[in-house]
Every structure is written in structure tokens, then in C-alpha cells.
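# Commentary on secondary and tertiary structure
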Amino acid sequence: MTEKSPHSSRRTDRQVRRAPGWIAPALAGAVAIAVTWGIGSTLFRGALVERGLPEQVNEASADARMMWEQGARLADLASQAQALSTLAPEESASRLSTLAASLSQGSALLGELRFDGQEPPALPRSFSPDAVVALVTNVTDASAAMPAFAEPSLSRDSALAQIAFQINLDARGAVATLGKERDLDLALPLSKVSGEEEQKDQPVACLPHGELLDPAKVITEAQNIEPTAVARALDRGYALDFLLQLTAARGADASKDAIEARRSELGRQLRGLRAAVDAQCADLRAPAYALPEGGLEELTALTAAAEEDFADALVVAAGNTDGAAGAKISAVAFHALTAHQGSNSEYRILETDGSKK
């Protein structure tokens, strides 16, 4: 919705829920890696010195191996969730099946690293609330921390963040069927940082170039990933606020209180996001926003799309921000997503075939 934004001309054509156009390049890298190395392949442990690892694994970076190991962990959790869903009562079965699908999709995006002779995960043989709580706790713990990669990558870390938030939300949905969600101290997605990082509380640097707000602009320098991801989330939030103002101005009086309540909550989210950025940075609010032709007649659809764009951008920002600043943004993203899912139960950060209309 900024003047430079490529989204504007496409909004009136948005007939189905899909990830916004700028998310596709972020996932493409992870998908390409998964396809290149082979999803779900079995790799041998054996006597590594004598037999060696398969060539593609032997030459892979430590970052790639960590990603595959995370994929295998998600696959094991998916197997447990699916097995438990077949034993559960109807409502719990549906939520557990959804969780299993998200875990499997995350594993497929990342790939799996397994060894010959590795023990398969223990699968539940009966249903119990304790079994659900144990599974959900393991899933939220898996979502809580990004692996310590040596090299930053916008596409990889964005995909990991989307997986972390989706499986965390689905895990909470599964435990909610037990009526015990408030009694559990579940980890938030991407919430864990090391003690050293926590003490630093290093703010996010200023956006180096305004043109990087354009989601079509490729980020070529690693140091620009973090400030750009956060600035784009702020930009999407400001654009959403603009649309909400237009909707309130043109809508019925009965809807204005609800819109103002949403704007008030959005303001808190934007202040929380802005607080993670260096205080010396200029305000990233764009001076003007543009609507596509006929946009005033499509404000409801445009606003719904902007809500999703903002939620997706928050997740990407959380996945590409380090230390305490990343934990702060993750908290903002989690609360925004929880509220958005409450008003739009069909919204998913990751989409499965069954979730598409």
C-alpha cells in the first residue's frame, strides 16, 4: 500500500487465501534446498571414517546439516501426533491431525537427516490427556529456538519462522481441546535466546535504504536482512492502519467502535515492534499510501489481505532478528497471530492442500 508497493494493483483480484507475493521468494529457497538434497532420504552413520558419509552430506555445510536435523525432529513429532490422532476422540483427533500435517509440511520444507540404525520415535499406543500435553510441550519447545546458523539467510530463516509459529499455534489448538491450555506454561515460538544475547539487548539497526521496503528488492548484503525484515513489517502495519482509517471513515457507525479497537491494538503492536529498532532511526512511516483502482469499493477485502500481510511480515521479522530484539518481535508476532486466528480460523501461516479454498 505504499506508493512503491507492488501489492496495490493485485489486491482486487485476490479471490483466495494465499501467502502474499513477497513471501514466495522467502519460501522458495528452503523448498529448493529440500528438493536438491532429497526429502526424507536415509543417510548412513556406520563407521564414518571407514565408509564416509554420502557425498552430498559430506560436502554440506554445518548450517545445512542443522536444518536437516531439525527436519528429522519435526518428522518424528509428526509421526507421534498422527499416531495419537488415530486414538483420540473426535475433537482432539481433528486438532492432532492438523498439528501432524503442519509438522510434516515443515519437515518436507527442511529435509531430513537420518542415520542407519537410528531408532524410530516411540509412538503412543493409547490416548490420554497426559500424552497430548507431553507431545504439545515437545512441539512448542521445538518451536522456541532457531538453530544457531553460522550464515544468515532471509529465505531459510523466514521458512523456519513460519514453521515455528504454525506448529506452535496448532499445538496450542490441540491442547485446548483438553480444557487445560491455561494451566500449561508452553514456550512461545522463537522465544529462547542465549544469556549473552539477552544481556546485550542489541537494537535493530536502521534501514539503510528506503528502496529496500519494496518486497521485490533482493537483499544482497547479510547485514541488511534484519533491518529490512523489521522495516517491512512496520510498513505493512502502517498500511493496514491506513486502510482501517478509510474503512472507519466510509463505514457504518456501528462498525466504527470495532475498527477503533483494532486500531488501538494495532498501535500497541507497532509500538512494540518499533521499540526493537534503534531509537536514533527515522520514523519508517511512509508519507502516503496508494489504493488500487476501485480500491475504495474493495476496502473489506483489501483490509483482510493487509491483516494477513502484516501477520506474515511479523513472522518473517521475528525469524530474521537476533537476540533480545528477536524475542520481543516474536512476542508481538505471537499475540498478533493469536488474535488474527481468532477472527479468521481458516488463516494459516503455512498452507496445506486442505487449507486452500
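### Concerning the overall build of the protein
A count of helices and strands for the protein gives 12 helices and 0 strands. Ordering the α and β elements of the protein from the N terminus gives α-α-α-α-α-α-α-α-α-α-α-α. Burial status across the protein gives 48% buried among its 357 residues. Long-range contacts, defined here as pairs at least 24 residues apart, represent 79% of the contacts in the protein between residues at least 6 apart. With the model as given, the accessible surface of the protein reaches about 17,100 Å², and the carbon-plus-sulfur share is 51%.

### Describing helix H10 (residues 253–274)
When the terminal C-alpha atoms of H10 are compared, their 31 Å separation across 22 residues agrees well with the 32 Å that a helix rising 1.5 Å per residue should span. Burial in H10 covers these residues: Ile259, Leu266, Gly267, Gln269, Leu270, Leu273 and Arg274. Each element contacted by the buried residues of H10 is listed here: helix H9 (225–250), helix H11 (299–319) and helix H12 (323–343).

### Concerning the nonpolar core
If you look at the biggest cluster of nonpolar residues, it comprises 44 residues, and the most contacted ones within it are Phe165, Val230, Leu314 and Leu337. Counting residues per element, the ones that place at least two in this core are helix H7 (154–176), H9, H10, H11 and H12. In terms of residues, this core owes the most to one element, H11, which gives 11 residues.

### Overview of the side chain of Arg236
Residue placement: Arg236 occurs in helix H9. Residue classification places Arg236 among the buried positions, given a relative accessible area of 6%. At 2.6 Å, the side chain of Arg236 forms a polar contact with the side chain of Asp235.

### Considering the confidence of the model for the protein
When pLDDT is averaged along the protein, the result is 80, and 77% of the positions lie at 70 or above. The model gives residues 1–52 a pLDDT under 50, and that stretch makes 104 contacts with residues more than four places away or in other chains. Per-residue pLDDT stays below 50 along residues 353–357; that stretch engages in 4 contacts with residues further than four places along the chain or on separate chains.

Calculation notes
Residues numbered from 1 in each chain as written. Predicted model: local features only at pLDDT ≥ 70, side-chain atom pairs only at ≥ 80, totals over all residues. Heavy atoms only, no water. Helix = DSSP H or I, 4+ residues; strand = E, 2+ residues; numbered from the N terminus. Buried < 20%, exposed > 50% of the residue type's maximum accessible area, 1.4 Å probe, protein only. Contact = heavy atoms within 4.5 Å. Areas by Shrake-Rupley, 256 points an atom, 1.4 Å probe, with all protein chains shown as cover. Expected span 1.5 Å × (residues − 1). Core = buried A, V, L, I, M, F, W, Y, C linked by side-chain atoms within 4.5 Å. Polar contact = N/O pair within 3.5 Å; in protein donor to acceptor, adjacent residues only side chain to side chain. pLDDT = per-residue confidence, 0-100.

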